[in-house]
Structure formats: structure tokens, C-alpha cells
Amino acid sequence: KVTADTDHYLVTQRVAQAELIPGIKTEIWGYDGVFPGPTFRARKGRWTVVTVRNELPVPTSTHLHGGVTPAESDGFPTDLILPAGYSPAPPGHHSATGRHHDTTRDYTYPITQRAATLWYHDHRMDFTGPQVWRGLAGLFLITDEIESALPLPRDDRDLPLMICDRSFAADGSLKYPQRDMTHPGADGMFHAGIFGDVILVNGAPWPRTEAAAVRYRLRLVNGSNARRYRLSLSAGTITQIGSDAGLLAAPLPREDVLLAPGERVDVIADFTGLPAGTEVTMANTLGEGPTADVMRFVITGPAPDDTRIPVTLTTLETLDRTRAVAERRFDFRFGGGRWTINDQPYDPAATMCSVREGTVELWRFTSDFHHPVHVHMGHFQVLSRGAGGPEPGDAGWKDTVDVRPYETVQVLVDFTGHRGRYMLHCHNLEHEDMAMMANFDIV
Ligand code: C2O
Ligand code: CU
Ligand code: CU
């Protein structure tokens, strides 16, 4: 459906040679052959249609993470785009949603949601980890009238930063350890997921960027398979203004921010007053050696800055637990050689529960390990963590929450949007591929 109110894009997934490390060629699988893929900018109230053509040697499925998306465009793990030149589909090989496979398809995003930093990535069943690792991920930024009226840094002072770790072999190729997909549970050595030893920011290792002594907006996105970061700046201040699914009600000064896989944190970095020549390091205090350093800003000197951080960013309704029409528990646990939810390994044809569109439910996540829990379609607010209330990093509308080992996190999920089959899963991509996903139906 293409109208005057639709932005239409064509993207081709293909194998390409990229220069991620200066002077070295690395084969990637990229949207448009680049890593990260192209950054989409969408506006609330306008439709975005992305036509994806698959010229890779493998099937793919594209999911807009954080999107309030109709189910048929949500990138269901078995709703595949077949590789071009690889047809016809084997008989009986249907997607769970009943549509047949093709080498090109349209993903339709009506964009009814508030301004937010989203990202898109591959979601093919059993292979999301290796396919994202090879490069199938990019950013998708939504703006709206509320956000554009704020005096926040914009244009070249609004920096989306997709942070992810990778490993490279001596010849420059990306190194993803082989997994035995016939016995996924046998991979004890990958229990915690796959980690790289190089941190990339927008595809570049340890980048250096010049910055004036002014305020910048940094949209921090953790696109890693399994790595968590605690990010801080060696000079200047950081103030959080947004979370996964949109702006906070009010700015929140932070010492550092924690990002589990899939999470986003929107901050204002204030370099005002720093002398020219200052090198500001963004460090990852959870890392060691080369994974402790993320990027640096070299201060060029003062410059005009008419931005400020308003005391009120947006009006944000705080969900009350009395709004919940149902309570459910999802237990994320290793069992029977697989990562499971409520003892069930993922079955694309099964559904764990049905929820009513337009309602709010209380979902309780429990875990035996670190699991970044992600819900499709429904955005949520954190109600409690362990015995206490939400922590500073839990503020605002979220779609992913880091559940720590043996911790219970309660969230209030708003299922306003679309009906159909959606999923929740662990966003440690190796856990996800080893069956830690479940479907739910919105009816
Ligand atoms: Cu970012 Cu279902 O995932
Ligand atoms: Cu998602
Ligand atoms: Cu997990």
C-alpha cells in the first residue's frame, strides 16, 4: 500500500566486502551490503514500507525491534524470505502465518507509536545469532511532534551509536564459533552466548570522533549477541532522556548506563566547558582489556549551542498495577539440554497464552541466569525488580528488560496496537536460537 503518506524503501540483503578494520576486507551479510544497515528515519503518522530482497545464500526474516507492527510484518522466525535463485519452496514448507515464501517481500510499518530509537535485525529461527553476527542489523529512528518541538541536539549532534562485539580471524573474516544445531544443548561452552573481543561502534573499532564543547544526543543501542555494557564517559556529564520505546517523562542524570542485548538508552552528553584537545573516553566498565574501551570524542573547542534539556520531556502515563487484567509468569531456565520458557523449548506452531488487544497485563519474569527478556508488539513499564521497585535504568517505556540470575522482574505490558501472533524471548541471541522463545496471541 503506497500512498502520499507512505515512505517506501527498497533494501537488498547481500554478501559484501566491508572495511570494518582499516585496511582489511571482511565479508559481511548486510542490508544493502553495509554494516550496520541503512538508518531509516520515520515519522509518527506516516507509513513506512520496506521492500526487502534476499540475495544471500540463506533464508532471512526481518524484525523491527520495538515496533508496534502488524503481525504479518513482524518478522516471525519461520516467515522467511527465500534466497533469490533458490526456488521453489519445498512442498509443505509453509510459514506459521500461512503465507508462502518468496525472495522479496514488503514489510509494512504504520508507525503509530511515539518517537523512539528502534533497530531492525534478522530473526530467522535457530540462526538469528550467526546471521546478526554477520551483519544483518541496522537502526530505525522514529520522530514525532512532541520530540521535534524539544530543544534537544539534532542533526550532526544527534548520534545514533550501535554498539556490538565481534571476533575476527587472521584473514579478516568474522569468526562465529560453529554450533552443533542437531544437538543445540550440547554446546555447553556457549552457555553464556557468543562474545567478541573487539567492540564496534557503527561497525568501526575504537572510533575517534571530533566533538565541540557542547551538548550531544547519543542514542546508545546494544546490538550485541550476548554482551552487556556499562557505559560511562571520562569527562562531561550524561543525562538520560529516553529508553527503549521513547522519551522519559523527565531527564535523569546518570553516572553510567547499563545496556543488555537489545536495549537502547538515549542520553545527552554534555561536553560544555571542556578545553580543546580533551579526549573523552566512552568506557565499558564491565569489559576488560580491549572490551573496556568503546570510543572517544576529541574536543575541538567551544561552539554556539542553543540546546537545553527541558525539565519535562513528554507526558508519560505511569501504569498502575490495578490496570492489569491478568497476571502471568514466564520462567526463563535451562532444562533438558535447552533454554526454555516455562519448561517449553520453542515450538513455532504453539502458543503459550492469549491476551486481549488494548489491555494491560502483569507479566512476571523469573530466571536462572542473566536473560535480557524482550516482548514483541507490547511495550511495558517495570513495576518491580527483586524485592524492590524499579531501578533508575528501568525507567520509561521498555521492550527489553535485563533479568538477572535468580531475580524476579515484574512488568506491566500494554497490548494496544495489533492482533495476531507475537513472541517473547531472551535477547541473548544464542539463548534465543537454543529455543528460549515463546509465542503469544493478541486477540
Ligand atoms: Cu530484537 Cu524478537 O527481537
Ligand atoms: Cu523485537
Ligand atoms: Cu537468556
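Residues numbered from 1 in each chain as written. Chains lettered and ligands numbered in written order. Predicted model: local features only at pLDDT ≥ 70, side-chain atom pairs only at ≥ 80, totals over all residues.

1. Observations concerning the overall build of the protein
Basically, it comes down to this: Secondary structure counts use DSSP, requiring at least four H or I residues in a row for a helix and at least two E residues in a row for a strand, with both numbered from the N terminus. All radius of gyration figures rest on C-alpha atoms, and the globule criterion is 2.2 Å times the number of residues raised to 0.38. Whether a residue is buried, exposed or partly exposed is read from the other C-beta atoms within 10 Å of its own C-beta, which are placed from the backbone; 20 or more gives buried, 12 or fewer gives exposed, and intermediate counts give partly exposed. Note on contacts: each residue gets a C-beta atom placed from the backbone, and two residues are in contact if those atoms are within 7 Å.
Each helix and strand in the protein was counted, giving three helices and 30 strands. A compact globule built from 443 residues should have a C-alpha radius of gyration of about 22 Å, and the protein, at 21 Å, falls within 12% of that. Taken over the C-alpha atoms alone, the protein extends approximately 65 × 55 × 50 Å along its principal axes. Residue burial in the protein is summarised as follows: out of 443 residues, 47% are buried. Intrachain contacts of the protein at a sequence separation of at least 6 include 76% that bridge at least 24 residues.

2. Overview of the domain arrangement of the protein
Which entries qualify depends on this criterion: Where each domain starts and ends follows an automatic or database-derived domain assignment.
Along its sequence, the protein is organised into domain 1 (6-144), domain 2 (155-299) and domain 3 (321-442). If you average the C-alpha positions of domain 1 and of domain 2, the two centres end up 22 Å apart. At the interface, 25 residues of domain 1 touch 27 residues of domain 2. Sorting the residues of the side of domain 1 that touches domain 2 by element identifies β2 (26-31), β7 (116-122), α1 (128-133) and β8 (137-143) as the ones contributing at least two each.

3. Points about the sheet that holds strand β5 (residues 62-65)
The criterion, for reference: In this description, strands pair whenever DSSP reports at least two bridges between them. Axis angles are defined between N-to-C directions and span 0 to 180 degrees, where every axis is a line fitted to C-alpha atoms and, for a helix, only to the segment in contact.
The four strands lie next to each other as β3-β8-β7-β5, forming an open sheet whose pairing is mixed. Two strands close off the open sheet at either side, each with one partner strand: β3 (40-43) and β5. Neighbour to neighbour, the strand axes of the sheet diverge by 25 degrees on average, direction disregarded. Note: β7 against β8, six bridges, orientation antiparallel. Following the sheet pairing, leucine 118 is matched in β8 by phenylalanine 140.

4. Description of the nonpolar core
The criterion, for reference: The nonpolar core is taken to be a set of buried Ala, Val, Leu, Ile, Met, Phe, Trp, Tyr and Cys residues joined by way of C-beta atoms within 7 Å.
Of all hydrophobic cores here, the largest spans 70 residues; its most connected members are Trp119, Phe140, Ile163, Leu220, Val267, Ala269 and Phe271. Taken together, domain 1 (6-144) and domain 2 (155-299) each give at least three residues to this core, which thus spans both. Apart from the residues within four sequence positions on either side, isoleucine 163 is in contact with Ile199, Val201, Leu220, Val221, Asn222, Gly223, Ser224, Tyr229 and Val294. Counting 33 residues, the second-largest nonpolar core is a separate cluster that includes Ile341, Tyr422, Met423 and Phe440.

5. Re the pairing of β5
Side chains of β5 alternate between two faces, with Thr62 and Leu64 and His63 and His65 buried alike. Bridging between β5 and β7 involves four bridges; their strand directions are antiparallel. Residue threonine 62 lies in a different strand from β7, and its bridge partner there is aspartate 122.

6. Focus on the environment of glycine 196
Its location among the elements puts glycine 196 in the loop between β9 (158-166) and β10 (198-201). Residue glycine 196 is classed as buried on the basis of its 21 C-beta neighbours within 10 Å. The spacing of glycine 196 and alanine 16 is 180 residues in sequence and 21 Å in space, taken between C-alpha atoms.

7. Some words on unusual backbone geometry
That bond from phenylalanine 35 to proline 36 is cis: its omega, -10 degrees, falls within 30 degrees of zero. Of note, proline 36 is situated in the loop between β2 and β3. Residues other than glycine seldom take positive phi values, yet aspartate 343 does so here, at roughly 65 degrees. Tracing the chain through its elements places aspartate 343 in the loop between β22 (338-341) and β23 (353-355). Positive phi, normally seen in glycine, also occurs at tyrosine 406, with a value near 55 degrees. Tracing the backbone through its elements, the reader meets tyrosine 406 in the loop between β27 (400-403) and β28 (408-414). Among the residues examined, tyrosine 406 registers 10 C-beta atoms within 10 Å and is labelled exposed.

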